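Examining the three-dimensional arrangement
In case you want the letters, here they are:
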Amino acid sequence: MTTNQLISEIRKKNSFLCVGLDVDLEKIPAFFLKEEDPIFSFNKAIIDATHQFAVAYKPNTAFYEAYGIKGWKSLEKTINYLNENYPEIFTIADAKRGDIGNTSSRYAKAFFEDLGFDSITVAPYMGKDSIEPFLAFENKHTILLALTSNEGAYDFQTKKVGEQELYKQVLETSKQWKNSENLMYVVGATKAEYFTDIRKIIPDSFLLVPGIGAQGGNLRDVCKYGLNSNIGLLVNSSRGIIYASKNDDFAEAAAGEAKKIQFEMKAILDGVH
Ligand SMILES: O=C(O)c1cc(=O)[nH]c(=O)n1[C@@H]1O[C@H](COP(=O)(O)O)[C@@H](O)[C@H]1O
């Protein structure tokens with residue numbers, strides 16, 4: 001998917017919501033456990049119930065890898081279901097990969113070609129040659145961890161190396177990589193006070209913003225400092241949406257939660273534009 005297609009979908013739906021598909025068999029309604037593929041059946045129900053309020057879905061691969069080959073099959077069925085039924089939806093493989101170039105090119109092939117995701121999250125620690133193999137794919141997007149939502153972000157990311165904080169160096173340096181127009185960045189919703197500085201370095205890039213909902217980040221603060229003229233944000237909630245109810249009404253509850261966020265997003269967009 002091109003960035004322009006993503007922007008036009010955001011404008012059409014008045015939503016920049018990403019639903020995180022972080023499925024845990026201990027948290028989904030018990031009746032799914034009798035099904036042949038409980039994870040896929042749950043995802044299908046969540047996607048069908050929430051798709052009109054969301055522009056992106058983000059399965060975190062950890063939740064699939066945890067169940068071995070069965071989990072990987074559920075992931076494959078989920079991405080195929082999205083691509084076949086909702087091709088306008090932007091898909092994110094939250095895999096946080098990155099390795100020497102030769103290996104990264106295999107990761108890129110696995111997620112972009114074999115599974116057919118629009119994007120993947122990657123870690124910047126190994127530098128340019130570990131990321132450029134992902135960037136080489138046309139109309140695919142590489143989402144670099146910049147300033148993450150967790151406490152550990154303060155261990156390295158906000159520390160100064162020389163004159164500048166490490167996360168700022170990640171932003172500045174990555175802009176010089178080949179095909180850097182295919183980059184997006186992860187910035188945690190719990191770090192809203194950093195968005196102004198981040199936007200000075202990357203005014204036009206899309207930011208994937210996890211951390212609202214279960215982690216306590218605030219949508220309005222994120223938007224106040226993070227929105228740009230193309231909106232430029234994808235705000236993710238996983239547990240807050242998919243586990244809105246543990247009962248038979250789980251899909252309606254998820255839709256209700258997604259709708260609530262989308263409604264707030266529309267109000268924010270109406271106020272800005
Ligand atoms: O890359 C991510 O998506 C990510 C980066 C980050 O800084 N913080 C973060 O929470 N995430 C992911 O975003 C999702 C957040 O889930 P909830 O806290 O349940 O909404 C999980 O899949 C995390 O792995």
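Sequence order sets the numbering: in each chain, residues are counted from 1 along the sequence as written. Under the rules for a predicted model, residues below a pLDDT of 70 receive no local features and side-chain atom pairs below 80 are neither given nor counted, while totals for whole chains, interfaces and linings still include all residues. The basis for every side-chain value is the complete set of heavy atoms in the structure, and neither hydrogens nor water enter the calculation.

You'll find the protein chain entered in an unreviewed UniProt entry as Orotidine 5'-phosphate decarboxylase, with Aequorivita sublithincola given as the organism. The annotation that UniProt attaches to the protein chain under Sequence similarities (unreviewed entry) is "Belongs to the OMP decarboxylase family. Type 2 subfamily." According to its UniProt record, the protein chain has this under Catalytic activity (unreviewed entry): "orotidine 5'-phosphate + H(+) = UMP + CO2". UniProt positions are given in the numbering used here, feature names are shortened, and annotations may be inferred rather than shown by experiment.

Moving on: the site of the ligand. It suffices for a single heavy atom of a residue to lie within 4 Å of a molecule or strand for the residue to be listed as near it. Around the ligand, the structure places 18 residues, and the nearest of them are Asp 22, Ser 149, Gln 215, Ser 238 and Arg 239. Two N or O atoms count as a polar contact when they lie within 3.5 Å, although within protein this holds only if one can serve as hydrogen donor and the other as acceptor, and sequence-adjacent residues are included solely when both atoms are side-chain atoms. Asn 60 is positioned such that a nitrogen or oxygen atom in its side chain is 3.0 Å from an oxygen atom of the ligand. Here a nitrogen atom of the ligand and a side-chain polar atom of Ser 149 are 2.7 Å apart. Accessibility throughout is a Shrake-Rupley quantity obtained with a 1.4 Å probe, and a residue counts as covered only by protein chains that appear here. Within the complex, the protein chains bury 89% of what would otherwise be the 500 Å² of accessible surface of the ligand. Listing elements by their share of the shell around the ligand, those giving two or more residues are β3 (90-97) and β10 (233-237). Strands here mean DSSP runs of E at least two residues long; helices mean DSSP runs of H or I at least four residues long; both are numbered from the N terminus.

Each residue's exposure class comes from its accessible area (1.4 Å probe, protein chains only) as a fraction of the maximum for that residue type: buried when under 20%, exposed when over 50%, partly exposed otherwise. Those residues of helix α1 (residues 3-13) that fall on the buried side of the exposure criterion are Leu 6, Ile 7, Glu 9, Ile 10 and Lys 13. Each buried residue of α1 lies within a common arc of 160° when the element is viewed along its axis, so the set occupies one face. Within α1, the exposed residues directed more than 90 degrees away from the buried face are Asn 4 and Lys 12. By definition in these notes, contact holds between two residues if any of their heavy atoms fall within 4.5 Å. Buried residues belonging to α1 abut β3, β8 (183-187), β10 and α12 (250-272). Asn 14, located one to two residues past α1, shows a positive phi value of around 50°. Directions drawn from the helix axis to the C-beta atoms are what define this arc.

What follows concerns the confidence of the model for the protein chain. If pLDDT is low for a region, its predicted coordinates should not be looked at in detail. Per residue, pLDDT captures the predictor's confidence, and it can take any value from 0 to 100. Mean pLDDT over the protein chain stands at 97; residues scoring 70 or higher make up 100%. For this predicted complex, the interface confidence score (ipTM) comes to 0.99, while the overall pTM stands at 0.98.

As a further point, take the UniProt feature "domain: Orotidine 5'-phosphate decarboxylase" (unreviewed entry) in the protein chain. The residues that UniProt annotates with the feature "domain: Orotidine 5'-phosphate decarboxylase" (unreviewed entry) are residues 16-254. Within residues 16-254, the helical portion is 39% and the strand portion 18%, while the C-alpha atoms at the span's ends are 16 Å from each other.

With that settled, consider the sheet that holds β8. Read once around its circumference, the closed barrel built from eight strands follows the order β1-β2-β3-β4-β5-β8-β9-β10, with strand pairing classed as parallel. Going from strand to strand, the sheet's axes swing by 30° on average, the running direction of each strand aside. When DSSP finds two or more bridges between a pair of strands, those strands are recorded as paired. Axes here mean lines fitted to C-alpha atoms, for a helix over just the part in contact, with angles spanning 0 to 180 degrees between N-to-C directions.

Another point: the packing of helix α5 (residues 101-114) against helix α6 (residues 128-135). The N-to-C vectors of α5 and α6 enclose an angle of 30°; their axes lie 8 Å apart at closest approach. Considering the angle they form, α5 stands roughly parallel to α6. When you trace α5 past α6, the crossing you get is right-handed. Counting all contacts with α5, which are made through Gly 101, Ser 104, Ser 105, Tyr 107, Ala 108 and Phe 112, the residues of α6 involved are Asp 129, Ser 130, Pro 133 and Phe 134. Each residue is assigned to one of three groups, with Ala, Val, Leu, Ile, Met, Phe, Trp, Tyr, Cys and Pro labelled nonpolar, Asp, Glu, Lys and Arg labelled charged, and all others, Gly among them, labelled polar. Residue composition of the contact of α5 with α6, by class: five nonpolar, four polar and one charged. Any angle between 65 and 115 degrees counts as roughly perpendicular, while under 35 counts as roughly parallel, over 145 as roughly antiparallel, and the rest as oblique. Should the near helix be turned counterclockwise from the far one by less than a right angle, the crossing is left-handed, whereas a clockwise turn marks it as right-handed.

Bringing unusual backbone geometry into the picture now. The backbone phi angle of Lys 96 is positive, close to 45°, even though this residue is not glycine. Although it is not a glycine, Asn 139 adopts a positive phi angle of roughly 55°. Following the sequence through the fold, Asn 139 ends up in the loop between α6 and β5 (141-147). On the basis of relative accessible area, Asn 139 is assigned to the partly exposed category, the value being 36%.

Further remarks concern the pattern of salt bridges. One speaks of a salt bridge when a side-chain nitrogen belonging to Lys or Arg is within 4 Å of a carboxyl oxygen belonging to Asp or Glu. Scanning all chains against the criterion turns up 15 salt bridges. In this structure, Asp 37 and Lys 77 form a salt bridge, with 3.0 Å as the shortest nitrogen-oxygen distance. Pair noted here: Asp 37 is in the loop between β1 (17-20) and α2 (38-50) and Lys 77 is in helix α4 (residues 68-85), with a separation of 40 residues, a long-range link. What makes Asp 37 buried here is its relative accessible area of 11%. Among the residues examined, Lys 77 registers a relative accessible area of 33% and is labelled partly exposed. Sharing partners across several salt bridges, the network here consists of Glu 165, Lys 168, Asp 197 and Lys 200.

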